[in-house]
Amino acid sequence: MDALLTKTETKAAETKKQISGAEALLRCLVAEQVDVIFGYPGGAIMPVYDALYHYADKLNHILVRHEQGAIHAAQGFARASGRTGVVFATSGPGATNLVTGLADALIDSTPVVCITGQVFAHLLGTDAFQETDVVNTTIPVTKWNVQVAEAKDIPAAVAKAFHIAATGRPGPVLIDITKNAQNEMMEEFEYRKCTQIRTYRAKPELQADQVSAAAALINGAKRPYILAGQGVLLSGASKELVAFSERTGIPVACTLLGLGCFPTDHPNYVGYLGMHGNYAPNLLTNECDVLIGIGMRFDDRVTGNVSKYAKQARVIHIDIDKAEINKIIQSEVHVHADAREALLALQAKCNENKHADWVVHFHQLNAVEYDKVIHHEFNSTGQIKMAEVIHQLTNLTKGEAVVVTDVGQHQMITSRYYKMKHPRTHITSGGAGTMGFALPAAMGASLSVPGQQIVAVIGDGGFQMTVQELGTIMQYKIPVKILVLNNSFLGMVRQWQQLFHGKRYSFTEMENPDFVKLAEAYRITANRVSDRENLQSALKTMLDAKGPYFLEVVVGKEDNVFPMVPAGAGVSEVLLEAPAHH
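Predicted model only: the values in this text are computed from it and were never measured.

Caption draft 1: Region of the structure containing the packing of aromatic side chains. Tallied over the entire structure, the rule returns 11 aromatic pairs. When the centroid spacing of 6.1 Å and the interplanar angle of 70 degrees are considered together, the rings of Phe 38 and Phe 77 count as edge-to-face. With a gap of 39 residues between them, Phe 38 in strand β2 (residues 36–39) and Phe 77 in helix α4 (residues 67–81) connect regions that are remote in the sequence. Per residue, the accessibility class of Phe 38 equals that of Phe 77, and both read buried. Aromatic ring contacts, followed pair by pair, group Tyr 225, Trp 358 and Phe 362 into a single cluster. Of note, Arg 494 hangs over the ring of Phe 489, and the distance from its end group to the ring centre comes to 5.7 Å.

In structure tokens form, the structure reads like this:
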């Protein structure tokens, strides 16, 4: 009898196969339907990379050239597709190189899961080789983070991480896994997705009384005005926003990260908000009677001087994140909810209306901007202007391409002149303003929506911050189109120096390498254009190229971006040209 029992026990033990913590991690990722990982190996995460060797058919790992490139690529991947981006990095400098991207992803609400290797648990706190306290370092720049020191805890940590990253207001999470936990053997398991956490409420319950109060204000408004932010995109509410605007007749302006959530060719679209936004949407913020902020956080780049912002307006603020409500602008009515749910509920309670004269007022002011600023930028002589490059890009792509911008003048120009028609076709670094974002983010975007045209618009300064990612583009033949607008300056800082610091160009002029030769060194077809008559054909050649392509456009060195709301000014003090004393 004993012998029989032993055999049965042995058989049971055999069926419970043992796997390493590292393999457990990869199984969790496959169960979460991850198929692309951006990473860079190192000592403390080597067991994971060893396990990854056998998962090449399930997990496509992209070897970047710098960990900052990995996380920006994961951000681009998430922003273009709505899926969660995934990053691998090693301990110490590998992990600390992710911090800039984590900060960027947190403020811009981008779902990313970062997995970092860590030294053996028994070495923690001993200043072991490549040991950094990653959890405490990244607390301020993550939505959630955790350190795992035992293999058995890996599946639950991964499930929790994916749930937190993608739900509610999305954001970055980080799992730091000690090397012993990666090596340890554990019993095979059935992966359970996380659907709720006791202390975390992903989606607030829509309150009917808040919706009714908002609807009453909207129904009584004479000059209502919608400011649409990225929350509209994140909740997949673009169609609902269009339907709501069409029913109520309310004009819509978009924030920088909200661009693409409302079609730019819609008659109710009145422009882009912010420091370098359109004239009418800025000016009329201070003339509307009801201001409706949807999925936006009243950032200082949108409000200018808060003491001069929309004092006449009754404010309705719709946001999923309670912390944003009444943080900067006091609302008379707030709807703490998912943007899509709130818009559907409001649609049912708001009267059909037309605010034709009010909408016309926006278009009249935008015509003033066209005469004073845009006409000149599209029809100038001398050096090529950034505005005409983007104008031609819009015409050639018909606004259908995904445009990824870096940070600076070219970013503001692209936001102004590229006419996005669809959600998730505009990717940029908003709240953090991270130079070097665009090149890796464009790689990630390209890998998340294969077959879609991806154009990275970058300044000569930002390009050189992550230029090494040309190596990644070369190795994986990622078909991104790289458009560098080269003015041999850190243009945005130079503009401020010109307008507000007596033209003292303190350390903003750049001596640049031969970008075309540099791109060609990475086996990427490249071209440079400095004559207007060659611009359109050069852009067309770039867009028609099958693989990656690099185009440098030499633009005016001292061109400025207008309109502009100067620092400390109110939104209605927007400038259409440089002040007279300049």
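Caption draft 2: Quick look at the packing of helix α12 (residues 238–248) against helix α15 (residues 339–349). Taken N-terminus to C-terminus, the directions of α12 and α15 make an angle of 25 degrees; their axes are 9 Å apart at the nearest point. Between α12 and α15, the angle falls in the class roughly parallel. Note on packing geometry: the crossing formed by α12 with α15 is left-handed. Facing α12, whose interface residues are Glu 240, Leu 241, Ala 243, Phe 244 and Arg 247, α15 presents Arg 340, Leu 343, Leu 344, Leu 346 and Gln 347. The class makeup of the residues in the contact of α12 with α15 is 6 nonpolar, 1 polar and 3 charged.

Caption draft 3: Layout of the pattern of salt bridges. Tallied over the full model, the rule gives 24 salt bridges. Measuring nitrogen to oxygen at the nearest pair gives 2.8 Å for the salt bridge that ties Glu 332 to Arg 314. Of the two residues, Glu 332 is situated in the loop between β13 (314–319) and β14 (333–336) and Arg 314 in strand β13; the sequence distance between them amounts to 18 residues. Glu 369 is paired through a salt bridge with Arg 416; the nearest N and O atoms lie 2.6 Å apart. Residue Glu 369 is found in helix α16 (residues 356–378), and its partner Arg 416 is found in helix α18 (residues 409–417); the two are separated by 47 residues along the sequence. Pair check on accessibility: Glu 369 and Arg 416 agree, each one buried.

Caption draft 4: How the structure looks around the pairing of strand β4 (residues 85–89). Among the 5 residues that make up β4, 5 are buried, leaving the element largely enclosed by the rest of the structure. Relative to strand β5 (residues 112–118), β4 is paired through 5 bridges, and the arrangement is parallel. Residue Ala 89 lies in a different strand from β5, and its bridge partner there is Thr 116.

Caption draft 5: View of the state of the cysteines. Counted according to the given criterion, the structure contains 0 disulfides. Cys 28 carries a free sulfur, and the closest cysteine sulfur to it, the one in Cys 194, is 12 Å from it. Summary of cysteine pairing: Cys 114 is not part of a disulfide, and the nearest cysteine sulfur, belonging to Cys 28, is at 17 Å.

Reading the values: the criteria
- Residues numbered from 1 in each chain as written.
- Predicted model: local features only at pLDDT ≥ 70, side-chain atom pairs only at ≥ 80, totals over all residues.
- Heavy atoms only, no water.
- Phe/Tyr/Trp six-rings, centres within 6.5 Å; stacked < 30°, edge-to-face > 60°.
- Helix = DSSP H or I, 4+ residues; strand = E, 2+ residues; numbered from the N terminus.
- Buried < 20%, exposed > 50% of the residue type's maximum accessible area, 1.4 Å probe, protein only.
- Lys NZ or Arg CZ within 6 Å of the ring centre and 35° of its normal.
- Axes fitted to C-alpha atoms, helices over the stretch in contact; angles between N-to-C directions.
- Parallel < 35°, antiparallel > 145°, perpendicular 65-115°, else oblique.
- Left-handed = near helix turned anticlockwise from the far one by under 90°.
- Contact = heavy atoms within 4.5 Å.
- Nonpolar A, V, L, I, M, F, W, Y, C, P; charged D, E, K, R; others polar.
- Salt bridge = Lys/Arg side-chain N within 4 Å of Asp/Glu carboxyl O.
- Pairing = 2+ DSSP bridges.
- Disulfide = S-S within 2.5 Å.

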